Amino acid sequence: PWTDYGAKLTARRKTFAGDACLGLSDPNTTKTMMDSYFLAIRNTSGLVTGQSQKLSTASSSSVDSWVPPKIAYTAMHGIGHDVAVRSFDTFGLPPFLAVPEQCKPDPTFPTVSFPNPEEKGALDIAMAFANTNKCDLVLANDPDADRMAVAERDRQTGEWTVFTGDQIGTMLGHWLWTSVGKDCGKPVAMCASTVSSKMLAAIAKAEGFHFEDTLTGFKWIGTRAAELSKKEGYMSLLAYEEAIGFACGEVVFDKDGITAIGVMAELAYNVYHRGSNLAGHMQSLYDKYGEFVSHNGYYFCHDPAIVQRIIADMRNGGKYMESLGNGEYKIDSIRDLGEPGYDSLARDKRPTLPTSASSPMITLRFSNGCVAQFRGSGTEPKFKYYIEMQGKPGVSRAQVTEVLAKMCDTVLEELLHPSKHGLVDPTDK
């Protein structure tokens, strides 16, 4: 039967007034856990790098004068505000400005159509608040504060940049490597879901730290990060997924938006102190490691048998394709995470990631730097694709985007045959 949890919550607030746990837990135990969490961040994680010390030079009379970033924060009607305040305090950072309309928990989420910072329009109120208060950055948590979104207002133009999960993950990874990992005295590891950008992997290869991809979801990402730390001797500095989930350091091996906002704020202070901003910093990473341009999407597919048919056609009875576009796009390697599984790069041709007959995923790696991945959704009637092109340093984003757009048309048509299989493009009207 349907349960009115709102009514139950209201009743508990009356019965357990003053108890933050509403009688569902021991408040003292909860407080001890929270205290231990923030103490671990401050004292043992290595994540707190003291960027707030640069504030001493933030004055007009200083030779090294600079204007620190002014930060707005939204909890998006969730529980994040109070612990976000504590996070900034733990990192030694000045207080942020909280978006008042979204500051307190409210299960009706009255100011957003859907309380996910990734959704179009979800950050509008926070960005308007930031404009009014001349804030440079918006940091946002989702209602349970395990994810983090980042947006930036350009001081010169007033234009906004809303960073993707992959861009945030790349900036966090590069920052944690340069500020913590490089001189930590241990081998460093980072990991990300296999459908996330390959840019962090490219940085790892160039800089000399270990990187692995995992299956999607923090069940897999966090577990592997913990194994790398506890069983294999690495300092596991970042685990992330493109859906704005980040685990910074080894405090919690799960997505954690509260630690992430502190780390991101420190990164911002460092970048602004050097006379740049986050958008400029992200571009400097592209300039150094190459542009990475993604085209991710999905088709509606209400018949699971069609998904299996498309995957079977890609397998071609074990005789996987060698190229697409009449030989224009050469395939260097293939990984098939269905049953029995196949990875052309492995000595024994067996993939290191788990395989699944019910949730197969096929990854094609092309000689021109493109990676294309395909899988059916486990929860929605969708067939998903993730296609990313890596450009070489010095090649403009416009050039990489042009090559990717042309290639996507070929890849999707030749592999998925949308018309033949009755796949519905959500962008078609």
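A short tour of the structure in this document, coming up.

Calculation rules
- Residues numbered from 1 in each chain as written.
- Predicted model: local features only at pLDDT ≥ 70, side-chain atom pairs only at ≥ 80, totals over all residues.
- Heavy atoms only, no water.
- Helix = DSSP H or I, 4+ residues; strand = E, 2+ residues; numbered from the N terminus.
- Rg over C-alpha atoms; globule rule 2.2 N^0.38 Å.
- Contact = heavy atoms within 4.5 Å.
- Phe/Tyr/Trp six-rings, centres within 6.5 Å; stacked < 30°, edge-to-face > 60°.
- Buried < 20%, exposed > 50% of the residue type's maximum accessible area, 1.4 Å probe, protein only.
- Lys, Arg positive; Asp, Glu negative; His and termini not counted.
- Salt bridge = Lys/Arg side-chain N within 4 Å of Asp/Glu carboxyl O.
- Polar contact = N/O pair within 3.5 Å; in protein donor to acceptor, adjacent residues only side chain to side chain.
- Core = buried A, V, L, I, M, F, W, Y, C linked by side-chain atoms within 4.5 Å.
- Axes fitted to C-alpha atoms, helices over the stretch in contact; angles between N-to-C directions.
- Parallel < 35°, antiparallel > 145°, perpendicular 65-115°, else oblique.
- Nonpolar A, V, L, I, M, F, W, Y, C, P; charged D, E, K, R; others polar.
- Pairing = 2+ DSSP bridges.

**A closer look at the overall build of the chain**
When you go through the chain residue by residue, the secondary structure sums to 12 helices and 16 strands. Relative to a compact globule of 429 residues, whose C-alpha radius of gyration would be 22 Å, the chain shows 23 Å and is just as compact. For the chain, the spread of C-alpha atoms along the three principal axes comes to 65 × 65 × 50 Å. Residue pairs in contact within the chain that sit at least 24 positions apart in sequence constitute 63% of those at least 6 positions apart.

**A short note on the packing of aromatic side chains**
Taken as a whole and assessed by the stated rule, the structure comprises 9 aromatic pairs. A ring pair is formed by Trp66 and Tyr269, whose centres lie 6.0 Å apart and whose planes are at 80°; its orientation type is edge-to-face. Pair noted here: Trp66 is in the loop between α2 (27-43) and β1 (71-74) and Tyr269 is in helix α8 (residues 257-273), with a separation of 203 residues, a long-range link. Each member of the pair, Trp66 as well as Tyr269, carries the same accessibility label: buried. Measuring from centroid to centroid gives 5.0 Å for Phe88 and Phe96, while their planes differ by 85°, and the two rings are edge-to-face. A relative accessible area of 3% places Phe88 in the buried class. Cluster of aromatic residues (ring-pair linked, three or more members): Tyr73, Phe88 and Phe96.

**Overview of the side chain of Asp142**
Locating Asp142 in the fold gives a position in the loop between β3 (137-141) and β4 (148-153). Buried and unpaired, Asp142 has Arg147 as its nearest opposite-charge partner, separated by 4.1 Å. Polar side-chain contacts of Asp142 include one of 3.0 Å to the backbone nitrogen of Asp146. When neighbours within four sequence positions are excluded, Asp142 is seen to be in contact with Ala75, Pro115, Pro117 and Arg147.

**Some points on the nonpolar core**
Counting residues in each nonpolar core, the largest one holds 75 residues, and the members touching the most others are Leu139, Met148, Leu172, Leu176, Met190, Met264 and Leu278. When residues in this core are grouped by element, the largest group, 11 residues, is from α8. Discounting residues that sit within four places of it in the chain, Leu278 has contacts with Leu137, Val150, Glu152, Phe163, Met171, Met264, Leu267, Ala268, Val271 and Tyr272. Formed by 33 residues, the second largest nonpolar core is a distinct cluster that contains Ile310, Met314, Tyr329 and Met407.

**Focus: the packing of helix α5 (residues 165-181) against α8**
Direction vectors running N to C along α5 and α8 enclose 75°, while the axes themselves pass 10 Å from each other. If you check the angle between α5 and α8, you find them roughly perpendicular. Residues Ile168, Met171, Leu172, Trp175 and Leu176 of α5 lie in contact with α8, whose contacting residues are Val263, Met264, Glu266, Leu267 and Asn270. The residue makeup of the contact of α5 with α8, split by class, is 8 nonpolar, 1 polar and 1 charged.

**A closer look at the pairing of strand β12 (residues 329-336)**
When you tally the buried positions in β12, you get 6 out of 8 residues, the bulk of the element. Across 2 bridges, strand β11 (residues 323-324) lies against β12 in antiparallel orientation. Each residue of the ladder has a partner; that of Leu324, found in β12, is Tyr329. Between β11 and β12, which pair antiparallel in sequence order, lie 4 residues; one of them, Gly325, sits at a positive phi of approximately 65°.

**Some details on unusual backbone geometry**
In this chain, Glu339 is followed by Pro340 through a cis amide linkage whose omega measures 5°. Residue placement: Pro340 occurs in the loop between β12 and β13 (342-343).

**Considering the sheet that holds β1**
Judged by pairing direction, the sheet is mixed, and its 5 strands sit side by side in the order β2-β1-β3-β4-β5 without closing on themselves. With partners counted over all chains shown, the strands left at the sheet margins are β2 (97-98) and β5 (160-162), one partner each. Relative to β2, β1 is paired through 2 bridges, and the arrangement is parallel. Bridged to Ala72 within β2 is Leu97. Across the sheet, α8 touches β1, β3 and β4, and the angle it forms with β3 is around 170°.

**A look at the environment of Ser56**
Tracing the backbone through its elements, the reader meets Ser56 in the loop between α2 and β1. In this structure Ser56 comes out as exposed when scored by relative accessible area, which is 62%. As for Ser56 and Asn131, which are separated by 75 residues in sequence, their C-alpha atoms are 26 Å apart.

**What about the pairing of strand β8 (residues 235-241)?**
Here β8 lies mainly inside the structure; 7 of its 7 residues are buried. Bridge analysis of strand β6 (residues 188-193) against β8 gives 5 bridges, and the strand direction is parallel. Opposite Cys191, over in β8, you have Ala239 as the bridge partner. Where β8 meets strand β9 (residues 245-248), 4 bridges bridge the pair, whose relative direction is antiparallel. Paired with Tyr240 across the strands is Phe246, a residue of β9. With antiparallel pairing between neighbouring strands as the criterion, β8 and β9 make up a hairpin whose turn holds 3 residues, including Ile244 at a positive phi of roughly 50°.

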